[in-house]
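Notes for the structure review
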Amino acid sequence: MYVYTVFAAYLETQFFGDEEPNAGIYTMAIFAVTFVMRPVGSWFFGRFADRHGRRPALVFSISLMAASSLVIAVTPTRESIGAAAVVILVLCRLLQGFATGGEYGTSATYMSEAATPGRRGFFSSFQYVTLVGGHVLAQLMLLLQQSLLTDAQIEAWGWRVAFAFGAVSAVVVLWLRTAMDESLPELDEGTARRSGSLVELVTAYPRQLALCFLVTMGGTIAFYTYSVTGPSIVKGAYADAGMTATWINFAALVLLMLIQPLGGLLSDKVGRKPLLVAFGIGGVLWTYAFITLLPQVTSPLGSFAMLAGTYVLLTGYTSINAIVKAELFPAHVRALGVGLGYALANSAFGGTAPLVYEAAKSREATGAFAIYVTVAIAASLVVYVFFLKNKAPTALDAEQGLSTGSREAARV
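Computed from a predicted model, the values in this text were never measured in an experiment.

Considerations on the overall build of the protein
Assigned secondary structure in the protein consists of 22 helices and zero strands. At 21 Å, the protein has a C-alpha radius of gyration in line with the 22 Å of a compact globule built from 412 residues. Taken over the C-alpha atoms alone, the protein extends approximately 65 × 40 × 35 Å along its principal axes. Buried residues in the protein amount to 55% of all 412 residues. Of the charged side chains in the protein, 26 are positive and 24 negative; the average position of the first set lies 9 Å away from that of the second.

This is how it looks when you write it as structure tokens:
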């Protein structure tokens, strides 16, 4: 996914041509339309994971991601096959969206179920270590290419190498996941028959599904605004400064990746709610300044400081969002509930954020975009404050037979 956003500027000319004035908006529109398939993927893979196990669902979804990246890497450009190039790109991105929609819920579920009681926040935080790690690898690939190749070479074929590398990386992840143990608990016959049922999820757990959506809403729009739009703004600010922007973005993303386990560990000590509330308050107070001031910063150290501080704030959501959602649902609908609640909010608010920003920027209305993001975070903050409990018994506790006393002992 992140190879696409990191190399978006090079894709514009290859798939839309130099003469297209709206190439940037179209490129981000393809990024956004991918998210249409995420709810479909979350339903398909969530149902599959709840019925047949977390491991085969993860293997299947990663295989689709790898295949899609490889096809993009070898797709002819607009100059060779005309508009068919864009059609192939869109189809591959839709397939990636389908696979990613299933991968999130299943991986969040697996890491939460496999975690040791009292360390669930820490272990589940590694979901975003790997997610942000993909972004870091994409930025590293761009750094290497900018060091070794000219812009013309990157535009001509360097971006293909990046997508091919993404496919190979996915295969490595696939190999690692084939060796992992299954985390789906053994269910009684009656419960097993209801596993992965959308009807069961909607009728028996509507509150949990709504909470999953609302918890995600503010977090996902902040994540894509801060970690996708933010680096894009930095690129624009240092467009004539060689590799400066790439180094700034790379260093900030490495920081974001490394501090995820710290957020998870903290949540195991103080609970999940304080971190989410801190993120929500910070997001409401900071987002407008971030969007409007970051383009004006001309000091590399200042740009890095703004990104780094924002990523520390964002960690209050990213490091624990998987475990917060997994703790809402029982095992037989957990992958489906987590995946669908996340995917619906992610599609509506997260994936569209870079496109909405590009459209707002073209109309000199970035302030309005900042207000839009702030309102979404504020809505989720209300949920964090009034509808989530701290250190309350969870579905995972019930499955592992933990009493209140043993839950507290496990957290020490």
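Structural notes on the pattern of salt bridges
Taken as a whole and judged by the stated rule, the model has seven salt bridges. Measuring nitrogen to oxygen at the nearest pair gives 2.6 Å for the salt bridge that ties Asp50 to Arg54. Pair check on accessibility: Asp50 and Arg54 agree, each one buried. Of the charged contacts in the structure, one is a salt bridge between Glu113 and Arg54, with a shortest N-O distance of 2.7 Å. Placement of Glu113 in helix H7 (residues 84–114) and of Arg54 in helix H5 (residues 54–74) is noted, with a sequence separation of 59 residues between them. A relative accessible area of 9% places Glu113 in the buried class. Note on Arg54: relative accessible area 0%, which makes it buried.

Details of the nonpolar core
Core analysis: the largest hydrophobic core is formed by 98 residues, its most contacted members being Phe7 and Tyr384. With 13 residues, helix H13 (residues 206–237) is the single largest residue contributor to this core. Not counting chain neighbours up to four residues away, the residues in contact with Phe7 comprise Ala138, Met141, Leu142, Gln145, Ile154, Trp159 and Ala162. Ile62, Met65, Ala99 and Ala170 belong to the second-largest nonpolar core, a separate cluster that totals eight residues.

Regarding the packing of aromatic side chains
Summed over all chains, the structure comprises 26 aromatic pairs. Both rings, one in Tyr4 and one in Phe31, keep their centres 6.4 Å apart while their planes meet at 15 degrees; by these two values the pair is stacked. Placement of Tyr4 in helix H1 (residues 2–6) and of Phe31 in helix H3 (residues 23–33) is noted, with a sequence separation of 27 residues between them. Of the residues examined, Phe31 reaches a relative accessible area of 0% and is grouped as buried. A connected cluster of aromatic rings, assembled from ring pairs, spans Tyr4, Phe31, Phe35, Tyr128, Phe223 and Tyr224.

Observations concerning the layout of surface pockets
Considered as a void within the structure, the largest pocket measures approximately 1,300 Å³ in volume. Around the largest pocket, the lining comprises 47 residues; the ones closest to its centre are Ile62, Glu103, Thr130, Leu131 and Val173. At the level of elements, H1, H5, H7, helix H9 (126–148) and helix H10 (151–178) are the ones that each hand at least two residues to the lining of the largest pocket. Broken down by class, the residue content of the lining of the largest pocket amounts to 31 nonpolar, 12 polar and four charged. Size it by volume and the second largest pocket reaches roughly 910 Å³. What lines the second largest pocket is a set of 34 residues, among which Ala9, Pro231, Ser232, Lys235 and Gly236 lie closest to the centre.

What about the environment of Leu209?
Tracing the sequence through the fold places Leu209 in helix H13. For Leu209, a relative accessible area of 15% corresponds to the buried category. Leu209 sits 120 residues away from Phe329 along the chain, and the two C-alpha atoms are 8.5 Å apart. Each residue touching Leu209, except ones within four places of it in the same chain, is listed here: Leu201, Val202, Phe329, Gly337 and Gly341.

Some points on the side chain of Asp397
Mapped onto the elements of the fold, Asp397 is located in helix H21 (residues 395–399). Asp397 sits in the buried class, given a relative accessible area of 3%. Separated by 2.9 Å, the side chains of Asp397 and Arg120 make a polar contact.

A look at H13
Along its 32 residues, H13 runs 45 Å from first to last C-alpha, staying within 8% of the 46 Å computed at 1.5 Å per residue. Roughly 30 degrees is the biggest bend found in H13, and it falls at Met217.

Thoughts on the side chain of Thr109
Note on placement: Thr109 falls in helix H7. Setting aside its immediate chain neighbours within four residues, Thr109 contacts Arg54, Arg334, Ala335 and Val338.

Observations regarding the environment of Leu64
For Leu64, the location among the structural elements is in helix H5. A C-alpha to C-alpha distance of 35 Å links Leu64 and Ser362, two positions 298 residues apart in sequence. Setting aside chain neighbours within four positions, we find Leu64 in contact with Phe45, Leu95, Phe98 and Ala99.

Points about a nonpolar patch on the surface
Taken together, the side chains of Trp43, Phe44, Phe60, Leu198 and Val202 make up a nonpolar region of the molecular surface, amounting to roughly 400 Å² of accessible area. Only helix H4 (38–52) and helix H12 (198–204) provide two or more residues apiece to the nonpolar patch. Structurally, the position occupied by Phe44 is in helix H4. Given a relative accessible area of 31%, Phe44 falls into the partly exposed group.

Scoring rules and cut-offs
- Residues numbered from 1 in each chain as written.
- Predicted model: local features only at pLDDT ≥ 70, side-chain atom pairs only at ≥ 80, totals over all residues.
- Heavy atoms only, no water.
- Helix = DSSP H or I, 4+ residues; strand = E, 2+ residues; numbered from the N terminus.
- Rg over C-alpha atoms; globule rule 2.2 N^0.38 Å.
- Buried < 20%, exposed > 50% of the residue type's maximum accessible area, 1.4 Å probe, protein only.
- Lys, Arg positive; Asp, Glu negative; His and termini not counted.
- Charge placed at Lys NZ, Arg CZ, Asp CG, Glu CD.
- Salt bridge = Lys/Arg side-chain N within 4 Å of Asp/Glu carboxyl O.
- Core = buried A, V, L, I, M, F, W, Y, C linked by side-chain atoms within 4.5 Å.
- Contact = heavy atoms within 4.5 Å.
- Phe/Tyr/Trp six-rings, centres within 6.5 Å; stacked < 30°, edge-to-face > 60°.
- 1 Å grid on protein atoms, 1.4 Å probe; cavity = no way out; pocket = protein on both sides within 12 Å on 5 of 7 lines; lining within 4 Å.
- Points joined across faces, edges and corners; volume = space filled by probe spheres on them.
- Nonpolar A, V, L, I, M, F, W, Y, C, P; charged D, E, K, R; others polar.
- Polar contact = N/O pair within 3.5 Å; in protein donor to acceptor, adjacent residues only side chain to side chain.
- Expected span 1.5 Å × (residues − 1).
- Bend = angle between axes of the 7 residues up to and from the residue.
- Patch = residues over 30% accessible without salt bridge, like charges linked within 9 Å, V, L, I, M, F, W, Y side chains within 5 Å.
- Areas by Shrake-Rupley, 256 points an atom, 1.4 Å probe, with all protein chains shown as cover.

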